[in-house]
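Next come the chains, spelled out residue by residue.
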Amino acid sequence: MSVDHIIAQYDVRGVAKVNAAHQSMAASAMQADNATGGLSAGLAGLSGPASLATAAIAGFTVATTAAVAGIALAAREGAQLESKFKALQAVEGSMAGAEAAFLSLRDIAKAPGIAFQESIDAYTQLKRVLGDGAFAKDLIREFGNMNALAGGTAESFDRIVRAVQQIATKPFLQGEELLQLTEAGVPAYKIMQNAFGTTDTEALKSQGIGSAAVLSAILAELKKAPRVDGGSQNSFENLAQSLQYGLAEIGMGVNTGLKGVSDNFNQSIEKLIDSGSLRELGNSIATQIDLVFGDLSAQLDS
């Protein structure tokens, strides 16, 4: 199954990024309209066929510019999604593994508290340090729910992931990580008290309770938390994210189609550079400028 075909199946979240994308497209269209405003005003006095031609030219310019802006936006979204899939493939070690992880994270991201792109970023980071993909997904799911319970944002979830990374890379838990989790909205001290009867990290270390055991205990406690019902807002976010990835699918097609053109153009530019043609062109331009302004100066002096 190709990446393109997988993306067509997505039903995920991310309304803030979609809204930003829509705003970007609207801004591009507005810029195109402003650019053609001067032309329309300058030809406003024309009538009959000339006025129809003017309207057609202005409309075509606006539509073309808006279309180009939309294609550029789609291409950017497609490039970002392809980059994330490649990151998944790197940590999974195979295309099949990346596809399976991709679809699992899509389902996880349907719940409140985490968007799809955030879930991919979190998974690639945690899989690298934990090595266990299933454990990483469980942590993402439960911390996402906790993030929703706390009314957290994408930023707070990112802080949670960074704290978990730090825990996983050290043999024993440190107080700094508990503080980071707490500041990100996770009741870390309460969780530790319930799981181990203490929040003293030195006591845990003296008992030989390492970071792996701590993360497993934290996960068990997080699973006891109530589930957040996303309601209509969550449904809207899932729909919005689907629209974003529909746009990304178009963009991936655009990027694939234009890759050969781009490569050829890059090679042509490099040949011009290597041959010295561009430098000669610059020298020629400078010579012409000197002739024009030198002659102008002579005329002014005479």
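The structure this text deals with has already been given above.
Residues numbered from 1 in each chain as written. Predicted model: local features only at pLDDT ≥ 70, side-chain atom pairs only at ≥ 80, totals over all residues. Heavy atoms only, no water.

Caption draft 1: Geometry of the nonpolar core. One finds L88, L105, Y123, I140, F143, V164 and L181 to be the most contacted residues of the largest nonpolar core, which totals 44 residues. Of all the secondary structure elements, the ones that give two or more residues to this core are α3 (49-92), α4 (95-108), α5 (116-130), α6 (133-149), α7 (154-168), α8 (175-183), α9 (188-196) and α11 (211-222). Leave out the neighbours within four places in its chain, and L88 touches A98, A101, F102, L105, I120, Y123 and T124. (Core = buried A, V, L, I, M, F, W, Y, C linked by side-chain atoms within 4.5 Å. Buried < 20%, exposed > 50% of the residue type's maximum accessible area, 1.4 Å probe, protein only. Helix = DSSP H or I, 4+ residues; strand = E, 2+ residues; numbered from the N terminus. Contact = heavy atoms within 4.5 Å.)

Caption draft 2: Just the packing of α5 against α7, in detail. One way to put it is that α5 packs onto α7 with a least axis distance of 9 Å and a crossing angle of 5°. Taken together, the axis directions place α5 and α7 in an arrangement best described as roughly parallel. Together, E118, A122, Q125, L126, V129 and L130 of α5 and A154, F157, V161, V164, Q165 and A168 of α7 make up the contact between the two elements. Its residues assigned to classes, the contact of α5 with α7 shows nine nonpolar, two polar and one charged. (Axes fitted to C-alpha atoms, helices over the stretch in contact; angles between N-to-C directions. Parallel < 35°, antiparallel > 145°, perpendicular 65-115°, else oblique. Nonpolar A, V, L, I, M, F, W, Y, C, P; charged D, E, K, R; others polar.)

Caption draft 3: Structural view of the pattern of salt bridges. Evaluated as defined, the whole model comprises nine salt bridges. For K84, the salt bridge goes to D121, with nearest N and O atoms at 2.8 Å. Of this pair, K84 sits in helix α3 while D121 is found in helix α5, placing the two residues 37 residues apart along the sequence. By relative accessible area, which is 15% here, K84 ends up buried. For R141, the salt bridge identified is with D138, shortest N-O distance 2.9 Å. Taken together, the residues R141 and D138, both in helix α6 and three residues apart, mark about one turn of the helix. (Salt bridge = Lys/Arg side-chain N within 4 Å of Asp/Glu carboxyl O.)

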